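# Close look at the chain arrangement
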Amino acid sequence: MKSDIIPGAEPFYFDGNEIGCLLVHGFTSTPKEVRWMGEYLAEKGFTVSGILLAGHGTSMEDMIETTWRDWFDSVLQGYEELVSRGKKVFALGSSMGGALVLHLAAHRPVAGVVGMSTPLKLTSPWMSFLPLIKHFVKYMPKGKGTWVNPEVEKWHISYTHYPTASIMELVKFLSHYRDDLPDVTAPVLLMQSKTDNLVLPENMELLKHRLSSAPVETFWVERSDHVITEDAEREKVFRRAEEFIRAHSQEVGMK
């Protein structure tokens, strides 16, 4: 039986115009990670759906029971709900959420994609030992938060540890989605902090190279850590995403 959703980790939906913004949070995180961005876009008139990925926002035990395909199914359900309401979909994701929305764009028609702090590969000295570690260590502790704005830590909701089985699922997913990136043809905006300590900045250029069939724009921030939707420069991130959505909405005859 699944656990109850952690208070504050609920999905959200704001009805607006014909442009639907699908917001996807990151690994072990919750929709709270993209809530501020969702509220900003809703104030600008867009329809906004912030989904909760399977196994997230409840308990780490629930997450262990899910695979990356379950996470992607959550994204597909959010996408299909917006399409069923007649919306033209822009998919926006933070961290692993960025990888999930790029994977979505390789398999479904979208008006545009915004990937924020999006990983192409994971770099850690213990990653090669993970297949062995997972048999002895169920959860790996997260490092201390490195928010530029320390007040954000009071707001942010996520699991306190990484389930090792789920890290293995993330590795499988990243390996799988890399091969699909040339199939993305929708416009893409990649945003990243130059001081990201979790997904190294080199990932943006690697992604850009892999997205060989898509028009790609990039945007850097310099005074934020990994979760740029919540950290010190989030307003810059929100405005740039809005500019991207408006520019590419006009291309397909939307306002």
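Relevant structure appears above.
Throughout what follows, the structure given in this document is the object of discussion. (Residues numbered from 1 in each chain as written. Predicted model: local features only at pLDDT ≥ 70, side-chain atom pairs only at ≥ 80, totals over all residues. Heavy atoms only, no water.)

### Brief notes about the nonpolar core
With 44 residues, the main nonpolar core has Leu22, Trp71, Val75, Leu100, Leu104 and Tyr177 as its most contacted residues. Breaking this core down by element, the ones donating at least two residues are β2 (19–24), α2 (60–64), α3 (68–84), β4 (88–94), α4 (96–107), α6 (164–178), β8 (188–193) and α7 (202–210). For this core, the leading source of residues is α4, giving eight residues. Those residues in contact with Leu104 that sit more than four places away from it in its chain are Leu22, Phe72, Val75, Leu76, Tyr79, Ala91 and Val110. Ranked by size, the runner-up nonpolar core spans 24 residues in total, among them Phe12, Leu41, Val237 and Phe238. (Core = buried A, V, L, I, M, F, W, Y, C linked by side-chain atoms within 4.5 Å. Buried < 20%, exposed > 50% of the residue type's maximum accessible area, 1.4 Å probe, protein only. Helix = DSSP H or I, 4+ residues; strand = E, 2+ residues; numbered from the N terminus. Contact = heavy atoms within 4.5 Å.)

### Description of the packing of α3 against α4
It is at 10 Å that the axes of α3 and α4 come closest, and there the two elements cross at 65°. Classified by the interaxial angle, the pair formed by α3 and α4 is roughly perpendicular. When you trace α3 past α4, the crossing you get is right-handed. Between α3, through Trp68, Trp71, Phe72, Val75, Leu76 and Tyr79, and α4, the contact on the second element is made entirely by Met96, Leu100, His103 and Leu104. Partitioning the contact of α3 with α4 into residue classes produces nine nonpolar, one polar and no charged. (Axes fitted to C-alpha atoms, helices over the stretch in contact; angles between N-to-C directions. Parallel < 35°, antiparallel > 145°, perpendicular 65-115°, else oblique. Left-handed = near helix turned anticlockwise from the far one by under 90°. Nonpolar A, V, L, I, M, F, W, Y, C, P; charged D, E, K, R; others polar.)

### Here we look at the packing of aromatic side chains
Here the structure, examined in full by the defined rule, presents eight aromatic pairs. Ring centres 5.9 Å apart and planes at 65° place the aromatic pair Phe27 and Trp71 in the edge-to-face group. Here Phe27, found in the loop between β2 and α1 (32–43), pairs with Trp71, found in helix α3; they are 44 residues apart in sequence, far enough to count as distant. Of the two residues, Phe27 and Trp71, neither departs from the other in class, the shared state being buried. Taking the centre distance of 5.2 Å and the plane angle of 35° together, the rings of Trp68 and Phe173 count as tilted. In this pair, Trp68 sits in helix α3 while Phe173 sits in helix α6, placing the two residues 105 residues apart along the sequence. Take Trp68: its relative accessible area is 7%, and that puts it in the buried class. Among the aromatic residues, those joined into a cluster by ring pairs are Phe27, Trp71 and Tyr162. (Phe/Tyr/Trp six-rings, centres within 6.5 Å; stacked < 30°, edge-to-face > 60°.)

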